[in-house]
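Here's the letter readout for the chains.
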Amino acid sequence: MPRAVKGVLVECDPSIKAIILKIDEDFHHAFIVEDLDHQTLVVKESKLAELKERLEKILEKTQMMEKEEESDPEQPG
Amino acid sequence: MSGNIRGFGYLENLPPITFRRLYQQPATALAIFRRMLPSLAKVIVTTLLYNDVPVQLGDLEALVRPESYREREDAFSKLRRLHIINETDHTISLDPVFRTNFRLALTGGGDHHSFGVPCPPSDKKSKITIPFLDEYAQRKFEAILHYMVGTHNDTKPGSGVISLLVSSGLMERQGTGTQAIITKNGFSFLLQEGNAQIWALLIQYLDTAEELGMEKTDVLHFLLMLGSLELGQAYSVNTLTVTQRAMLADLRDYGIVYQRKAASDRFYPTRLATTLTSEAGGLRSASATIAAAMGDKDAFSDAGKGFVIVETNYRIYAYTNSPLQIAVLNLFVRLTTRFPNLVSGRISRQSIQEAIKMGITADQIIDYLSVHAHPQMRKNLVVLPPTVVDQIRLWQIEGERMKATGGFLFKDFTTTQDFEDVAKYAEELGVLRWKSTTKRCMFVTRHEQIADWLKRRAAGAGKK
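Since we're looking at a predicted model, the values are computed, not measured.

Asks: Describe the overall build of chain B, with residues and values.
Replies: If you tally the helices and strands in chain B, you get 22 helices and 15 strands. Looking at chain B residue by residue over its 464 residues, the buried ones come to 52%. Put simply, 66% of the contacts in chain B that link residues at least 6 apart link residues at least 24 apart.

Take a look at the structure:
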């Protein structure tokens, strides 16, 4: 009889997945339920928010976002 | 449907015993039939309704074209989950309690009072007209929305409403005794259509009611009954149970029922009540429903009409002076100027991404804009400029580095054949998201139907 496990399917780029694997390893495998393929994995539902937050933090350090265009071209000044 | 706001669909998860008790009232049986079943399931129920002996499953399946396999499975699964049908070896019949009471609802008879007992018009000069009720419902319900966005309004919602908003996670208090502030969930709540908003509140009410020792089925009976009452008619309080009488006080606060005095022996359902179990769709927002029904009579109808103009250069003009609408727009538009009857601003990558951070989705924003589009915009074939719509979606995707879908991972299949069968079934249902034959595991968004199917198959195999 097959088993069903509750979780969240995460689809992402391989580069992002590498970071997720690293986070999982650093926290004693608290996040990942099953590693499916190079761009899909299943994580614990309760940990998704925390995972996203950690991922954002790491990406903030590594990536530069371009400056927001604040000026409105049709309203000089 | 977003995040953690539970809507009407939540009712599907009630335990079987609750359903059996719910079906004891004709009005409830009718309401569930009306609101919760897809059309095909309705056909199946009506086919079975006057068949006193169980029907062969094969005969029923013959009613449906073979290519509509998916719809058929969907209908049966819904009926099973709502415990409307009983199945034995290849035959199927309606739940006897449901059958009896649904028949009563359709053809009348019995003294169940489940559709309420109308009161004769009061001898005092009757001032309770439909426009009056509409105005009352709108004032009460908008007061709740106004309170959520923190605008000043003449009517403040009752303390019961406020604690409900807090316990449902739509608002939160930073410390005890402080002013409650709106949460992420609250923002997505504001962008929902009216009927969904009311149900979200009522489902939460249902939960808290149980904590207060009110009988859950009693509460549900009453809510579902309200949907079948007639607007403008007074109903007697005397046939209600103690729990239901206690509820009246709370429902008054939401604008769902009106009573002249708390001790009055009659109550009037408002339009919010009578549309509770209408078929989904068609209700834009509480005010739009009311406005549509009232026509162009007075200022209130303005609220329901479109007022937003979106230009291809991402500028937004909104003909409104309602603090509520401005507050909602302010969630995702950078408003720059305000005139007596107009606000204008721009949507930008930043404003959209801030909204997305608050838990609002691009689709909610687009829905809101198209629902409230100005009549001038509606003259176009495409209501919103496609560039703007696409860009809003792109801005959302930009912020998403991973795509998360909740669901269930099925694994440990004994044979490849087994796996392929289940995968095929899941695909036909449209719930399969990912599979790998080599690993013999798959990810599905819903498991109930598959678990059902596996169980039935196992049972079938056991017998052979």
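Having seen the model, we can carry on.
Asks: Could you give me a rundown of the packing of aromatic side chains, with the residues and numbers involved?
Replies: What the rule picks out here adds up to 15 aromatic pairs over all chains. Between the aromatic rings of F413 of chain B and F419 of chain B, the centroid separation amounts to 5.3 Å while the plane-to-plane angle is 80 degrees, which identifies the pairing as edge-to-face. As far as burial versus exposure is concerned, F413 of chain B and F419 of chain B are alike and both buried. Clustering of aromatic rings is evident, with ring pairs tying together F19, Y23, F33, F98 and F102 of chain B. A cation over an aromatic ring shows up here: K47 of chain A above the ring of F31 of chain A, its NZ or CZ 5.6 Å from the ring centre. Taking the ring centre of F33 of chain B as reference, the NZ or CZ of K42 of chain B above it sits at 5.9 Å.

Asks: An account of the nonpolar core is requested, with residue identities and associated values reported.
Replies: Formed by 113 residues in total, the largest nonpolar core has its most connected members in I84, L226, L251, I256, F267 and F332 of chain B. With nine residues, helix α10 (residues 194-211) of chain B is the largest single contributor of residues to this core. Beyond its immediate sequence surroundings of up to four residues, F332 of chain B is in contact with L191, I347, S351, I352, A355, I365, Y368 and L369 of chain B. Counting 17 residues, the second-largest nonpolar core is a separate cluster that includes I16, I23, I32 and L59 of chain A.

Asks: Got a sec to walk through the interface of chain B and chain A? Specific residues and values, please.
Replies: Between chain B and chain A, the residue contacts involve 28 residues of the former and 35 residues of the latter. Carbon and sulfur atoms make up 52% of the area that chain B and chain A hide from each other, which totals about 3000 Å². Here chain B and chain A share three salt bridges between them. Mapped onto the side of chain B that touches chain A, the elements with two or more residues apiece are α17 (349-357), β13 (402-411), β14 (432-436) and β15 (441-444) of chain B. The element contributing the most residues to the side of chain B that touches chain A is β13 of chain B, with ten residues. Residue classes in the side of chain B that touches chain A are distributed as ten nonpolar, eight polar and ten charged. Pairing analysis gives ten bridges linking strand β1 (residues 3-12) of chain A to β13 of chain B, with the strands arranged antiparallel. Across the sheet, L9 of chain A pairs through a bridge with T405 of chain B, a residue of β13 of chain B.

Asks: So what about the environment of K156 of chain B? Which residues, and what values?
Replies: Tracing the backbone through its elements, the reader meets K156 of chain B in the loop between α7 (130-149) and α8 (159-167). The sequence separation of K156 of chain B and K140 of chain B amounts to 16 residues, and the corresponding C-alpha distance is 8.4 Å.

Asks: An account of the pairing of strand β10 (residues 315-318) of chain B is requested, with residue identities and associated values reported.
Replies: Residue and element names in this part refer to chain B. As judged from the three bridges shared by strand β9 (residues 308-310) and β10, these two strands associate in the antiparallel manner. When the bridges of β10 are listed, I309 appears paired with Y317. Where β9 folds back onto β10 in an antiparallel hairpin, the turn is made up of four residues, including Y314, whose phi is positive at roughly 70 degrees. Looking at chain direction, β10 and strand β12 (residues 342-346) are connected through four bridges and run antiparallel. Across the sheet, residue Y317 finds its bridge partner in β12, namely S344.

Asks: Outline the environment of S228 of chain B, supporting the account with residue identities and numerical values.
Replies: Residue and element names in this part refer to chain B. Mapped onto the fold, S228 is located in the loop between α11 (216-226) and β6 (235-236). Between the C-alpha atom of S228 and that of G116, which follows or precedes it by 112 residues, the distance is 8.8 Å. Other than its neighbours up to four places away in sequence, S228 contacts A27, R34 and F115.

Asks: Tell me about the sheet that holds β6 of chain B, and name the residues and values.
Replies: Residue and element names in this part refer to chain B. Spatially, the three strands line up as an open sheet ordered β6-β8-β7, and their pairing is antiparallel. The open sheet has two edge strands, β6 and β7 (257-258), and neither has a second partner. Here β7 runs beside strand β8 (residues 266-269); their pairing, made up of two bridges, is antiparallel. Within the sheet, the bridge partner assigned to V257 lies in β8 and is P269.

Asks: Lay out the confidence of the model for chain A in plain terms, naming residues and giving numbers.
Replies: Averaged over every residue, the pLDDT of chain A is 79; residues scoring 70 or more account for 81%. For chain A, the element scoring lowest by mean pLDDT is helix α2 (residues 48-62) of chain A, at 82; strand β3 (residues 40-43) of chain A scores highest, at 90.

Asks: Explain the sheet that holds β12 of chain B residue by residue, including any values.
Replies: The strands making up a sheet are joined through hydrogen bonds of the backbone, oriented either antiparallel or parallel. Residue and element names in this part refer to chain B. Here we have four strands laid out as an open sheet, ordered β9-β10-β12-β11, and antiparallel in their pairing. Across the chains shown, the open sheet's two edge strands, defined by having one partner strand only, are β9 and β11 (334-339). Put simply, the sheet's adjacent strands are angled 20 degrees from each other on average, direction ignored.

Asks: Pulling in residues and values, what's your account of helix α21 (residues 416-429) of chain B?
Replies: Residues and elements named next belong to chain B. The end-to-end C-alpha distance of α21, which contains 14 residues, comes to 20 Å, matching closely the 20 Å that a straight helix rising 1.5 Å per residue would cover. Taken residue by residue, α21 has D418, F419, V422, A423, Y425, A426 and L429 as its buried positions. An end-on view of α21 places all buried positions within 165 degrees of arc, on one side of the element. Those residues of α21 that are exposed and angled more than 90 degrees off the buried face are Q417 and K424. Phi for G430, located one or two positions after α21, is positive at around 80 degrees.

Asks: Give me the lowdown on the packing of α17 of chain B against helix α20 (residues 386-399) of chain B, citing residues and values where you can.
Replies: Residue and element names in this part refer to chain B. For the pair α17 and α20, interaxial distance at closest approach is 9 Å and the crossing angle is 60 degrees. Compared by their axis directions, α17 and α20 come out oblique. α20 is crossed by α17, and the crossing has right-handed handedness. Within the contact between the two elements, α17 uses R349, I352, Q353 and I356 and α20 uses I392, W395, Q396, E398 and G399.

Asks: Please give an account of the side chain of T217 of chain B that cites residues and values.
Replies: Along the chain, the position of T217 of chain B falls in helix α11. For T217 of chain B, the contacting residues outside a window of four places in its chain are T18, R21 and L22 of chain B.

Asks: Tell me about the pattern of salt bridges, and name the residues and values.
Replies: Summed over the entire model, instances satisfying the criterion amount to 25 salt bridges over all chains. A salt bridge links E50 of chain A to R54 of chain A; the shortest N-O distance between them is 3.1 Å. One end of the pair is E50 of chain A and the other is R54 of chain A, both in helix α2 and four residues apart, which spans about a single turn. With a relative accessible area of 30%, R54 of chain A lands in the partly exposed category. Notably, a salt bridge pairs D265 of chain B with R266 of chain B, separated by 3.6 Å at the nearest N-O pair. Overall, the relative accessible area of 42% leaves D265 of chain B in the partly exposed class. Among the charged side chains, a network of salt bridges with common partners joins K47, E50 and R54 of chain A.

Parameters and conventions
- Starting from 1, residues in each chain are numbered consecutively following that chain's sequence as written.
- Each chain takes a letter, starting from A, and each ligand takes a number, starting from 1, following the order in which they are written.
- With the structure being a predicted model, the display of local features is reserved for residues of pLDDT at least 70 and the display and counting of side-chain atom pairs for 80 or more, all residues being used for whole-chain, interface and lining totals.
- To obtain the side-chain values, all non-hydrogen atoms of the structure were used and water was disregarded.
- Secondary structure is summarised from DSSP: a helix means a run of H or I of at least four residues, a strand means a run of E of at least two, and numbering begins at the N terminus for each.
- Categorising residues by exposure relies on relative accessible area from a 1.4 Å probe, with only protein chains included: less than 20% of the type maximum marks a residue as buried, more than 50% marks it as exposed, and the intermediate range marks it as partly exposed.
- Here, residues are in contact when the closest pair of their heavy atoms is within 4.5 Å.
- Side-chain rings of Phe, Tyr and Trp (the six-membered ring for Trp) are treated as a pair once their centres are within 6.5 Å; stacked means planes under 30 degrees apart, edge-to-face means over 60, and tilted covers the remaining angles.
- Two thresholds decide whether a charge sits over a ring: the Lys NZ or Arg CZ must be within 6 Å of the ring centre and within 35 degrees of the ring normal.
- In plain words, nonpolar cores are sets of buried Ala, Val, Leu, Ile, Met, Phe, Trp, Tyr and Cys residues tied together by side-chain atoms within 4.5 Å.
- By convention, the term buried area covers the 1.4 Å-probe accessible surface removed from two parts as they join, with the contributions of both added.
- The term salt bridge refers to a side-chain nitrogen of Lys or Arg lying within 4 Å of a carboxyl oxygen of Asp or Glu.
- Polar here means any residue other than Ala, Val, Leu, Ile, Met, Phe, Trp, Tyr, Cys and Pro, which are nonpolar, and Asp, Glu, Lys and Arg, which are charged; Gly is therefore polar.
- DSSP calls a pair of strands paired once it identifies at least 2 bridges connecting them.
- One confidence number per residue, pLDDT, is output by the predictor and ranges from 0 to 100.
- Whenever a helix is involved, its axis is fitted only over the stretch in contact; in every case the axis is a line through C-alpha atoms, and angles between N-to-C directions fall within 0 to 180 degrees.
- For a helix, the expected span equals 1.5 Å multiplied by the number of residues minus one.
- Note that the arc is computed from the directions linking the helix axis to the C-beta atoms.
- Small angles under 35 degrees read as roughly parallel and large ones over 145 as roughly antiparallel, with 65 to 115 read as roughly perpendicular and the rest as oblique.
- Crossing chirality is assigned from the near helix's rotation relative to the far helix, an anticlockwise turn below a right angle marking it left-handed and a clockwise turn marking it right-handed.

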